[in-house]
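Breakdown of the fold
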Amino acid sequence: MTDQTARATRFRALHEGPEPLLLPNPWDAGTARLLASLGFDALATTSLGVANQAGRTRATRQDVLDNCRVISEATPLPVNADLENGFADDPAEAAKMIADACACGVAGASIEDATGDRRAPIYDFGLAVERVRAAVEVTRGLPVPLVLTARAENLLYDAGDLDDTIRRLQAFEEAGADVLYAPGLRTLDEMRAVVSSVGRPVNVVMGFADPAITREQLAEIGVRRVSIGGALSRYALGSFLDAAKQMRDGRFGFVADVPPMSDLYRAFKPYSAP
């Protein structure tokens, strides 16, 4: 556990750096190594990217855990695990997912209050807080100082307003979460309102936000971590579809934009057998 402990310790420290931590989301060993070669300090899994890779609308619990291991073993960088809702409604059962992800080598993990049920997409406030408390209890008992992120998902489902989001994040902070995260924040004003209402580091996902917002602007309002969710996976698949459509129509102009193999080999070589 020594190496994993060092990664988790490093990951925690990165939330206190002079600039917001940029946390990109690979979906396999190759994309993880490409991101590492670009100088990123940490990585995060994406359950959407895992589902896309498998050709399904949602990844399974085992899919997510297997991917945690693949990404964690791909590079020396700390990895945060997207564990969705822990694949269970019960707080104790959902929290077990954190221990299982830790066993796969991750340095951090997130738990969310989305149910996966379209009819009732967000857990009631009391249950959502209880789930975070259970996650905190499990996290504190792990052999490594895992960083726990608690996510309030209601803005993504029109199941609450910004005030409700802040109320949940404040309760998650009180329950002991290390990082707070509300997907669906779109403007700097919304982000500033969240950051100013809590005392723990805030993660902003730019997959839903105004793309004109810069890292410098996020730093100015106090955001400590910036992720992209499944956007890189979707972008890659979009490029794949565009190229495939050209090929289907008998055109091959996309080949001119293909990166040279030497660029890929440069990223992969440090991990290749002699």
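Residues numbered from 1 in each chain as written. Predicted model: local features only at pLDDT ≥ 70, side-chain atom pairs only at ≥ 80, totals over all residues. Heavy atoms only, no water.

Under an unreviewed UniProt entry, the protein has the name Isocitrate lyase/phosphoenolpyruvate mutase family protein and belongs to Nonomuraea diastatica.

**As for the overall build of the protein**
In terms of helices and strands, the protein carries 11 helices and 8 strands. Projected onto its principal axes, the C-alpha positions of the protein cover 55 × 40 × 35 Å. By the burial criterion, 49% of the 274 residues in the protein qualify as buried. Look at the contacts in the protein between residues 6 or more apart in sequence, and 68% of them connect residues 24 or more apart. (Helix = DSSP H or I, 4+ residues; strand = E, 2+ residues; numbered from the N terminus. Buried < 20%, exposed > 50% of the residue type's maximum accessible area, 1.4 Å probe, protein only. Contact = heavy atoms within 4.5 Å.)

**Thoughts on helix 8 (residues 188-197)**
Listed in full, the buried residues belonging to helix 8 are Leu188, Met191, Val194 and Val195. The buried side chains of helix 8 occupy one side of the element, clustering within an arc of 125 degrees when seen end-on. Among the exposed residues of helix 8, those oriented more than 90 degrees off its buried face are Asp189 and Ser196. Buried residues in helix 8 make contact with helix 7 (162-175), strand 7 (202-205) and helix 9 (215-220). (Arc of directions from axis to C-beta.)

**Quick notes on the pattern of salt bridges**
Tallying each qualifying case throughout the model produces 19 salt bridges. Residues Arg215 and Glu19 are paired through a salt bridge, measuring 3.8 Å at the closest nitrogen-oxygen approach. With Arg215 in helix 9 and Glu19 in the loop between helix 1 (2-14) and strand 1 (21-23), this pair connects stretches of sequence that are 196 residues apart. With a closest N to O distance of 3.4 Å, Arg248 and Asp249 form a salt bridge. The partly exposed category is assigned to Asp249, whose relative accessible area is 47%. By sharing partners, the salt bridges in this structure join Asp82, Glu112, Arg151 and Glu153 into a single network. (Salt bridge = Lys/Arg side-chain N within 4 Å of Asp/Glu carboxyl O.)

**A short note on the sheet that holds strand 5 (residues 147-151)**
Read across the open sheet, the 8 strands follow the order 1-8-7-6-5-4-3-2; overall the sheet is parallel. Taken across any chain shown, the strands that pair with only one partner, and hence form the sheet edges, are strand 1 and strand 2 (43-44). As paired elements, strand 3 (residues 79-82) and strand 4 (residues 108-112) share 3 bridges and run parallel to each other. Bridge assignment links Ala81 to a residue of strand 4, and that residue is Ala109. (Pairing = 2+ DSSP bridges.)

**Some thoughts on the environment of Ile71**
Tracing the backbone shows Ile71 in helix 4 (residues 61-74). Classification of Ile71 as buried rests on a relative accessible area of 0%. Separated by 45 residues in the primary sequence, Ile71 and Pro26 have C-alpha atoms spaced 7.7 Å apart. Ignoring sequence-local partners within four residues, the contact set of Ile71 consists of Pro26, Trp27, Asp28, Ala29, Ala32, Leu43, Thr45 and Val79.

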